[in-house]
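Listed below, chain by chain, are the residues.
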Amino acid sequence: MAGLQTFQLPDSVDGTPLDLQLAQELVRAWRTDGILQVATDPAQSRRTHAALESSRRFFSQPAAVKASCISDLTFSGYIASGEERTAGEPDYSEIFTVCPDVPLDDPRVRAQWPCHGPVPWPDDEYERAMTAFMAGLGVIGEKLLRLAALGLGLDLDTLTSLTRDGWHHLRVLRFPARSARTSRGIGAHTDYGLLVIAAQDDVGGLYIRPPVDGERRTRNWLPTESMAGRYEDDEPWTFVEPVPGVVTVFPGDMLQLITDGLLLSTPHKVRLNTRARYALAYFHEPRFQARIRSVSGENDGDSLHYGSHFTRMFMRSYPERVTTRRILAEDRLSRLVR
Ligand SMILES: O=C(O)CCC(=O)C(=O)O
Ligand SMILES: [Fe+2]
C-alpha cells in the first residue's frame, strides 16, 4: 500500500456538509485499510516529542527503580519485559501504563472498585509530559468519535455520550532490539475500547491487519472469543511506516460491538527491529460505568459493562500481577454497581 491516508481535523465537528464528507471518508478508510493517519498541529507534535523523550529517560533507569513504580490498586505503572502475555505467550515490550489517576480518598477507591487508585508516577516531569500528551489526544479522540457517528449515520453525540469522564489510558512502550532468541514484540491482538491513537519514533515495528473479505473476526470482548494470537502468521499484514507529525488511529473492540461489525477492531502486532523502538499507544474509552450495546439494538439485554470488561482484559494480560491478585482476593469485581 502506498502510505496510509492522512486527514486534517477541523477545529470543531458540528455536522456541516464538510464535516459529513470528511466523516464518510474516515469511515471508508477504516473499512478499507483498517487504519488512518491524523495530522497533528505543532503543539501536539511537541507534546509527542516530549513524551517520547520522557519515556527514554524513564526506561533508561535501573530495573529496581522502574520496578518500584507499581500499585496493587491500579494497573497503572511499570510492566517489565516478559511480564505481559498475549495468547499465553510473553511479550518483550517494557511498558508504563497510565490509567486515570484516582486519589486514595476518592469514594470509588474507598469502595474498593477494581482498577481505581493513584498512578505510581516516577516523577513530576514524567507526569506532566504524559498528562499533556494524553489531553491533546483526548481532544482528537472526541472529534473522531463525533465524525465516526456522523459517518455512520448516527446522532453526532451517540459515541461521545459514552466518553464523558472516559476511562482513557496510555501505554508508554519500549521495545528492545531483536536478538537471536526472538523478534516478538507484542503478539497479534485487538485493543479493548473505542479508538486506539498511537505515535511512534522513527524505528518501525508495528503491523496491522486490514479488513479481509469473508474473514471471521471474533468478539474479543467475550471470554470464549479472544482475538489474541489470531492470524499472527497469515497475510495480509500492513507495515505502519513511521511518519513524523501524525498519529495513527484504528477502532477497538467497543466500536466493533457498537457498530455490529461495520467497523472492525483492527488486529495488530509488533515485531522487534534492529534498534530499540519507543511508542505511545493511547486508548480513547467509555467511562468506567458505561453500558455498551450495539446501535441496532440487536443485542439488547446483553449489554456490556465497560469497567468490568476493562478489568477482565487486564487480568487476562497480567495474570500474576499484584493488582490482579488483589482484585481476586478481595472479589473487587463484585463491588461494581451494576
Ligand atoms: O507499539 C505500538 O505501536 C503499538 C503497541 C500496542 O499495540 C499496544 O500497546 O496495545
Ligand atoms: Fe495494541
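Treat the numbers as computed from the prediction; the structure is a model and nothing was measured. Every residue gets a number counted from 1 within its own chain, in the order that chain's sequence is written. Chains and ligands are labelled by the order in which they are written, letters from A for the one and numbers from 1 for the other. Totals for whole chains, interfaces and linings use all residues, but because this is a predicted model, local features are given only for residues with pLDDT of at least 70 and pairs of side-chain atoms are given and counted only at 80 or more. Note: side-chain values were computed over all heavy atoms of the structure, leaving out hydrogens and water.

(A) Layout of the site of ligand 1. With respect to spatial proximity, the complete set of residues near ligand 1 consists of R171, L173, F175, H189, D191, L206, H268, V270, R277, A279, A281 and F283. Under the rule applied, a polar contact is a pair of N or O atoms within 3.5 Å (in protein, one hydrogen donor and one hydrogen acceptor; residues adjacent in sequence only if both atoms are side-chain atoms). At 2.6 Å, a side-chain N or O of R171 approaches an oxygen atom of ligand 1. Here ligand 1 has 290 Å² of accessible area as a free molecule, and 97% of this is covered by the chains. Elements are defined by DSSP. Helices are runs of H or I of four residues or more, strands are runs of E of two residues or more, and each kind is numbered from the N terminus. Those elements that provide at least two residues to the shell around ligand 1 are β7 (169-175), β13 (268-271) and β14 (277-284). It is β14 that provides the largest number of residues to the shell around ligand 1, a total of 4 residues. Any residue with a heavy atom positioned within 4 Å of a molecule or strand is treated as near that molecule or strand. To measure how exposed things are, a 1.4 Å probe is used in the Shrake-Rupley method; for residues, cover is taken only from the protein chains shown.

(B) Molecular detail of the UniProt feature "domain: Fe2OG dioxygenase" (unreviewed entry) in the chain. UniProt positions are given in the numbering used here, feature names are shortened, and annotations may be inferred rather than shown by experiment. UniProt feature "domain: Fe2OG dioxygenase" (unreviewed entry): in the numbering of this structure it lies at residues 166-286. Span residues 166-286 is 5% helix and 35% strand, its end C-alpha atoms 5 Å apart.

(C) Just the side chain of T163, in detail. Along the chain, the position of T163 falls in the loop between α5 (124-151) and β7. At a separation of 2.7 Å, a polar atom in the side chain of T163 contacts the side chain of E142. Whether two residues touch is decided by their heavy atoms; if any such pair falls within 4.5 Å, the residues are in contact. If sequence neighbours within four positions are ignored, T163 has contacts with E142, L145, H168, L194, H284, E285, P286 and R287.

(D) Fine view of the coordination of the iron ion (ligand 2). Donor criterion used throughout: N, O or S atom within 2.8 Å of the metal, extended to 3.2 Å for Na, K and Ca. Water excluded; incomplete-looking sites may result. Within the protein, the iron ion (ligand 2) binds to H189 (NE2), D191 (OD) and H268 (NE2); these donor distances fall in the range 2.0 to 2.2 Å. All donors of the iron ion (ligand 2) belong to a single chain; written as a sequence motif, their spacing is H-x1-D-x76-H. Residues H189 and D191 agree in their burial class; the two are buried. Burial status follows relative accessibility: with a 1.4 Å probe on protein chains alone, a residue under 20% of its type maximum counts as buried, one over 50% as exposed, and anything between as partly exposed.

(E) Expanded view of the state of the cysteines. Cysteine sulfurs are considered disulfide-paired once they come within 2.5 Å of each other. For the structure shown, the criterion picks out 0 disulfides. This cysteine, C69, is not joined by any disulfide, and C99 carries the nearest cysteine sulfur, 14 Å off. Given the relative accessible area of 7%, C69 is considered buried. Free of any disulfide, C115 has its nearest cysteine sulfur in C99, 7.0 Å distant. The exposure class of C115 is buried, given its relative accessible area of 1%.

(F) Fine view of the nonpolar core. Working definition of a nonpolar core: buried Ala, Val, Leu, Ile, Met, Phe, Trp, Tyr and Cys residues. They are joined through side-chain atoms within 4.5 Å. F96, L144, L170, I197 and I292 are the most contacted members of the largest nonpolar core, which totals 88 residues. No other element matches the 12 residues that α5 contributes to this core.

(G) Focus on the sheet that holds strand β2 (residues 36-39). Note on pairing: two strands pair once DSSP finds at least 2 bridges between them. Here we have 8 strands laid out as an open sheet, ordered β1-β2-β12-β9-β14-β7-β6-β3, and mixed in their pairing. The open sheet has two free edges, formed respectively by β1 (6-7) and β3 (77-79), since each of these has just one partner strand. In this structure, strand β9 (residues 195-200) lies alongside β14, joined through 6 bridges in antiparallel fashion. Bridging across to β14, A198 finds its partner in A281.

(H) Spatial organisation of the packing of helix α2 (residues 42-59) against α5. At a minimum axis separation of 9 Å, α2 and α5 run at an interaxial angle of 145°. For α2 against α5, the interelement crossing comes out left-handed. Counting all contacts with α2, which are made through Q44, R47, T48, A50, A51, S54, S55, R57 and F58, the residues of α5 involved are E125, Y126, A129, M130, A132, F133, G136 and L137. Taken together, the residues that form the contact of α2 with α5 break down as 9 nonpolar, 5 polar and 3 charged. Each axis is a line fitted through C-alpha atoms, taken for helices only over the stretch in contact, and angles between the N-to-C directions span 0 to 180 degrees. Each helix crossing is assigned a hand: it is left-handed if the near helix lies turned anticlockwise from the far helix by less than a right angle, otherwise right-handed if that turn is clockwise. When residue character is reported, Ala, Val, Leu, Ile, Met, Phe, Trp, Tyr, Cys and Pro are called nonpolar, Asp, Glu, Lys and Arg charged, and the others, Gly included, polar.

(I) Fine view of the pairing of β13. Across 3 bridges, strand β8 (residues 184-189) lies against β13 in antiparallel orientation. Paired with R184 across the two strands is R271, which belongs to β13. Where strand β10 (residues 206-208) and β13 come together, 3 bridges link them in antiparallel fashion. The residue bridging L206 from the neighbouring strand is V270, located in β13.

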